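# Overview (structure and organization)
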Amino acid sequence: YTYHQEELHLNQGDELFFYTDGVTEATNSNNELYGENRLLNCLENCNEELVNNQVIILKADIDKFVGDREQFDDITIMAMKISE
């Protein structure tokens, strides 16, 4: 793999959201994936929440979607907001 260094300037109030593929590949009993559309919809619906609450809401939404189906991949979520 070739990696490139990039620089990103963030301003006060900007938010970053990181997740592993286990989020979008979480699978329910019908073999449907949680997917990027559900992820984006969930985040758009809770964008007024604090970032730590967004993570909690998203994990609850994934759990509800998955039900009791055992997952095959890790689900890792991290969010942060630039405060200064």
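These numbers come from a predicted model, not from an experiment.

### Topic: the environment of threonine 76
In this fold, threonine 76 is placed in the loop between helix H3 (51–66) and strand E2 (77–81). Discounting chain neighbours no more than four positions away, the residues touching threonine 76 are Phe18, Tyr19, Thr20 and Val23. Engagement of the side chain of threonine 76 in a polar contact is seen with the side chain of aspartate 74, the distance being 2.9 Å.

### As for H3
Its 16 residues give H3 an end-to-end C-alpha distance of 23 Å, which sits within 8% of 22 Å, the value for a rise of 1.5 Å per residue. Residues of H3 that are buried: Val51, Gln54, Leu58, Ile62, Phe65 and Val66. With its buried residues spanning 100 degrees around the axis, H3 presents them on a single face. Facing away from the buried surface of H3 by more than 90 degrees, the exposed residues are Ile56 and Lys64. Buried residues belonging to H3 abut strand E1 (15–19), helix H1 (21–24), helix H2 (35–45) and E2. Glycine 67, located one to two residues past H3, shows a positive phi value of around 70 degrees.

### Comments concerning the nonpolar core
Counting 11 residues, the largest nonpolar core is built from Val23, Ala26, Tyr34, Leu39, Cys42, Leu43, Leu58, Ile62, Phe65, Val66 and Ile77. Elements with a contribution of two residues or more to this core: H2 and H3. For this core, the element with the most residues is H3, which contributes 4 residues. Discounting residues that sit within four places of it in the chain, tyrosine 34 has contacts with Val23, Thr24, Ala26, Leu39, Cys42, Leu58, Asp61, Ile62 and Phe65.

Criteria and cut-off values
- Residues numbered from 1 in each chain as written.
- Predicted model: local features only at pLDDT ≥ 70, side-chain atom pairs only at ≥ 80, totals over all residues.
- Heavy atoms only, no water.
- Helix = DSSP H or I, 4+ residues; strand = E, 2+ residues; numbered from the N terminus.
- Contact = heavy atoms within 4.5 Å.
- Polar contact = N/O pair within 3.5 Å; in protein donor to acceptor, adjacent residues only side chain to side chain.
- Expected span 1.5 Å × (residues − 1).
- Buried < 20%, exposed > 50% of the residue type's maximum accessible area, 1.4 Å probe, protein only.
- Arc of directions from axis to C-beta.
- Core = buried A, V, L, I, M, F, W, Y, C linked by side-chain atoms within 4.5 Å.

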